[in-house]
Amino acid sequence: MSSMEFNKIAGAVLTAGVIAMFAGFIADLLVSPGGIDEAIYSVPISGEGGAEGATAEGPALEPVLPLLASADPANGEKVAKACTACHSFDKGGANKVGPNLWNIVGAKHAHAEGFAYSDALEGMADKDWTYEELNAFLANPKAYAPGTKMGYAGLKKVGARADIIVWMRSLSDNPVALPSEDELAAAQAADAQEADTGIADTTEAGAEADAAKTEEAEAAAGATQEAAAPADTAFLALIAEADPTVGEKLARRCSACHSFDQGGDNKVGPNLYNIVGAPIGAVEGFGYSEAFQARNAAGETWDYTNLWGFLRNPKEWEPGTKMVYPGFKKDDQLAGMIAYLRQQSENPPPVE
């Protein structure tokens, strides 16, 4: 046998071996029973509608209800483009990696016919996708429904969540109504009660100390907890001695409607930087109620008396206000909030 023929035979054997190896490898890929441990898509979003993973240890979830009336569905549609890899949004659209989301607002959890939901969402099958449920899920899917198949990290900005929710609301033959003023007030009152409990736990050594401090504050102010404004000026001592970090924690519940930083945007409510001592109804670019415009025309300012009365009970202090928040009923919290607002100022008036 010549060397040429030997080389041909050796090459053929080698080629056959390589083909057999790759055939086995591909066959293993095609028929392997192993499952996929992670979701195929984990979609990041940047920009105004940006999504960053929320963590269970992060700030409390910002409420979305106050933002829905002024939310931008066009921006919501832009944000949703990143979701089209896994979801369809049109009526009668097919399920993909995730279910079709037509008519999702107000529907039951795990409602899409023919889609295999995780056990976590199957366990919520009788629960409605309300605005706040959608807000919580979109903020952090895995914290909302541990075990969900959703690989998406979540939308960090509450404004972007509001935008996409109002856009999804429009994807229906009969869109769910937006929250009424009474529903907004009830939701904010519930949020305030929950926040009050958490703040009392973190700012006082114990229940006895908290009760003693509240009793002392009420006696010093000479007013009941239900009073819309103090009977004398003793409340100024409470503001002067208040802990602004208490107010900063309380302000988290207000951040859905207000910004507090210098140069911050107006939202549902005006930016509150430098508000202490400022003219009432004077934040540039914000559309105030007629009641606040009248106070501005009369030359009224946000002095400590007016802040105390308004933040205690906005609708009692000014019946024509657009503000739906029920107010701070505890003197130490009210004083702490005003002390925090004083910090958000270039030159706040002294507390005398």
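Above this text is the structure in question.
Residues numbered from 1 in each chain as written. Predicted model: local features only at pLDDT ≥ 70, side-chain atom pairs only at ≥ 80, totals over all residues. Heavy atoms only, no water.

(A) Highlighting helix α7 (residues 158-170). Compared with the 18 Å implied by 1.5 Å per residue over 13 residues, the 19 Å span of α7 between its first and last C-alpha is a close match. Counting buried positions over the 13 residues of α7 gives ten, a clear majority of the element. Against the buried residues of α7 lie α2 (65-68), α3 (73-80) and α5 (131-139). (Helix = DSSP H or I, 4+ residues; strand = E, 2+ residues; numbered from the N terminus. Expected span 1.5 Å × (residues − 1). Buried < 20%, exposed > 50% of the residue type's maximum accessible area, 1.4 Å probe, protein only. Contact = heavy atoms within 4.5 Å.)

(B) Molecular detail of the pattern of salt bridges. According to the stated counting rule, one finds six salt bridges in the structure shown. Taking the shortest distance from any N to any O, the salt bridge between Arg312 and Asp331 comes out at 2.3 Å. In this pair, Arg312 is assigned in helix α13 (residues 304-312) and Asp331 in helix α15 (residues 331-343), connecting sequence segments 19 residues apart. Take Arg312 and Asp331: they sit in the same class, and that class is buried. Through salt bridges with shared partners, a single network forms among Arg295, Glu300 and Glu318. (Salt bridge = Lys/Arg side-chain N within 4 Å of Asp/Glu carboxyl O.)

(C) Inspection of the packing of α3 against α7 at higher detail. Running from N to C, α3 and α7 cross one another at 95°; their axes reach a closest spacing of 7 Å. Here α3 lies roughly perpendicular to α7, going by the angle between them. Judged by residue contacts, Pro73, Asn75, Gly76, Glu77, Val79 and Ala80 of α3 engage Asp163, Ile164, Val166 and Trp167 from α7. Class assignment of the residues belonging to the contact of α3 with α7 gives a composition of six nonpolar, two polar and two charged. (Axes fitted to C-alpha atoms, helices over the stretch in contact; angles between N-to-C directions. Parallel < 35°, antiparallel > 145°, perpendicular 65-115°, else oblique. Nonpolar A, V, L, I, M, F, W, Y, C, P; charged D, E, K, R; others polar.)

(D) View of α3. Residues of α3 that are buried include every one of Asn75, Gly76, Val79 and Ala80, and no others. Buried residues in α3, looked at end-on, bunch into an arc of 145°, giving them a common side. Lining the buried residues of α3 we find α7. In this structure Asp72 caps α3, since a side-chain oxygen of it lies 3.0 Å from the backbone nitrogen of Ala74. (Arc of directions from axis to C-beta. Polar contact = N/O pair within 3.5 Å; in protein donor to acceptor, adjacent residues only side chain to side chain.)

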